[in-house]
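Chain residues, written in single-letter form:
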Amino acid sequence: MIIPMLAFLFVFLFYPFFINIKNSFFEFDNMLDRNPSFIGVANYITMLNDDTFIRSLTNTLILVGLVLIFQVGISLGLALLVNSITKFNTFFKVTLFMPIVVSATALGLMFNLFYDYNNGMFNQILLILGQEKIFWKDPQNLTRLFAIIVSPVIWQYIGFYFVIFLTGLAGLSKQIMEASEIDGCTGFQKVRHIQVPMLRNITRTVIVLAITGTLKVFDLPYIISPNGYPSGKTHFLGTYMYDKAFNAVDVGYAAGFAVFMVLAGVLMSLIANVVFRHNHNL
Amino acid sequence: MRNRKKAISKGLIYTILSIWAIGCIYPFIWILINSFKDKNQIIRNSFSLPIKFFTLDNYESAILGRYNILQAYLNSFIISFSVVILVLIITTFSSFALARYQFKGKKLIYALVIACMMFPIFSTIFPLYKMLVSFKIHGTHLGVILPQVAGNLGFATILLTGFIQNIPTEVAESAYLDGANVFQVMRHITVPMSKSAYSSAAIFVFLWSYNDLFLQMLILTDRRKMPISALLREISSKEGGTNQGLMVAAVALIAIPIIIVYFFLQKNIIKGLTAGAVKE
């Protein structure tokens, strides 16, 4: 019964990945080269000397950091807030989750409209407030450019983790909450000493999902800042990989890239798992 | 005193949440409003309601223009429905086996299923593309469907396995005693009892398939075969800079139907997400 699934996974996932592992040790003259030459780890060495690769890796790691701080942090905060109120809970749940169902492509196009210098929504707001217009996509100002690319990425998935946290909070024992209230716990103490520690296992799930999700980021940066505009400086691992896959015919190099991405994902998830070790007492 | 403090903090909580909620809804309202305005009006004042200058021109040029958006919708549905159906059929069997049978290598298989959620599509794309070429299905819908099925199996299997494990086994056992075979038990007991898990798996797989851009863009190069996301990107890269009206209408055309469907199905979506993620 399990064979159809395994067959699919092997043919379309594991097999191509193993081919990639193999390819990463070879040099290809062109895409259809039938006799690639073995070059050992040379592709990996090239990778470490490739400025754009290092750039895209740094950008991705910075994004992972921002995601862990803001996405996970804000979603936990919002979940605690919604959990503490009694009215309109469903309304907030439904609206906060909404951006997730819209495709990142549409969101990217939408934010492009917002960032537009002449007629964008953000600049219109600035004008109404009596401020100067801002050239959002100024290639000179890389920090701002980076910020406007990653903000929608972070914003979109907050609702996702928010709902997971909220379910976790709903599952916490009511007795402990009531006991803490009788003992005179203030709302903030309750959050800090009881709710957050008890969410440990869920936090771990969220962090692993957030890390693996961030490594896969593609659509939004690709649309807001095509080809790592300007000159590859805003590439992420996913967009640079796409660039390599299309514009460069270096099959071996791209394969090494792919292997690296999976290793990075597995490694980071393992670290998260060790830091937030599963606690069976919760 | 205490009550007053409580009331203030309640008010503060509602204010923060409302601001965030507006931040989630307003962008889409802005899109909807402006999609009915003449493109010059968007430039001048994008916050006004489209009363004086109400127009359907943007939609007209989006639907009847050089790009056939209706055809793209059809393509999207062909692809995404096929993916959903295949994923559900395959995971019905795999999750039943994982949840109900003890067999050698079960742990390993479960680990593989979880591992495959870690494989971004980028990590397989080159060999995959070559494979599709040798199967002669690159550039076809099938060439997108099959890899998408593989990419979604892990999630769906984990969600359904977790759900089936929580169904009490008594009913199935008494059915076996009455002489039912495995397939009858699956068809008449397990599957009907897991309806809610099925619907959420279906919805999520559909969304991910419908919203995917990378694979669709790489595999489908013929404009007539493109699903909606890929076509929209094409439109934006060709004329997005100049025609804001067209862009707004295009975004509305892709986002608004999904949002409407979302409001109808939100209960299943949110319930399913939590069933899958919180379990483990």
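It should be emphasised that the depicted structure is a prediction, and the values quoted were computed from it without experimental measurement. (Residues numbered from 1 in each chain as written. Chains lettered and ligands numbered in written order. Predicted model: local features only at pLDDT ≥ 70, side-chain atom pairs only at ≥ 80, totals over all residues. Heavy atoms only, no water.)

Caption draft 1: Quick peek at the domain arrangement of chain B. Residues and elements named next belong to chain B. Domains assigned within chain B are domain 1 (2–54) and domain 2 (66–279). For domain 1 versus domain 2, the separation of C-alpha centres amounts to 33 Å. Counting residues at the interface gives 7 residues for domain 1 and 9 residues for domain 2. Together, the buried faces of domain 1 and domain 2 total about 700 Å²; carbon and sulfur atoms form 84% of this surface. Counting every contact that joins domain 1 to domain 2 gives 0 salt bridges. The interface formed by domain 1 and domain 2 holds 0 residue pairs in polar contact (both at pLDDT 80 or more) in total. Looking at the side of domain 1 that touches domain 2, the elements with two or more residues in it are helix H1 (2–35) and helix H2 (39–44). With 5 residues, H1 is the largest single contributor of residues to the side of domain 1 that touches domain 2. Residues of the side of domain 1 that touches domain 2, tallied by class, amount to 4 nonpolar, 2 polar and 1 charged. (Domains from an automatic or database assignment. Contact = heavy atoms within 4.5 Å. Buried area = accessible area lost by both parts, 1.4 Å probe. Salt bridge = Lys/Arg side-chain N within 4 Å of Asp/Glu carboxyl O. Polar contact = N/O pair within 3.5 Å; in protein donor to acceptor, adjacent residues only side chain to side chain. Helix = DSSP H or I, 4+ residues; strand = E, 2+ residues; numbered from the N terminus. Nonpolar A, V, L, I, M, F, W, Y, C, P; charged D, E, K, R; others polar.)

Caption draft 2: Geometry of a nonpolar patch on the surface. On the surface, A:Met1, B:Tyr101, B:Tyr176 and B:Phe183 cluster together to form a nonpolar patch covering roughly 370 Å² of accessible area. Given a relative accessible area of 31%, A:Met1 falls into the partly exposed group. (Patch = residues over 30% accessible without salt bridge, like charges linked within 9 Å, V, L, I, M, F, W, Y side chains within 5 Å. Areas by Shrake-Rupley, 256 points an atom, 1.4 Å probe, with all protein chains shown as cover. Buried < 20%, exposed > 50% of the residue type's maximum accessible area, 1.4 Å probe, protein only.)

Caption draft 3: Representation of the pattern of salt bridges. Residue and element names in this part refer to chain B. All chains considered together, the criterion is met by 2 salt bridges over all chains. Ionic pairing is found between Arg 223 and Glu 234, a salt bridge with its closest N-O pair at 3.6 Å. One end of the pair, Arg 223, is in the loop between helix H11 (214–219) and helix H12 (228–239); the other, Glu 234, is in helix H12, and 11 residues separate them in sequence.

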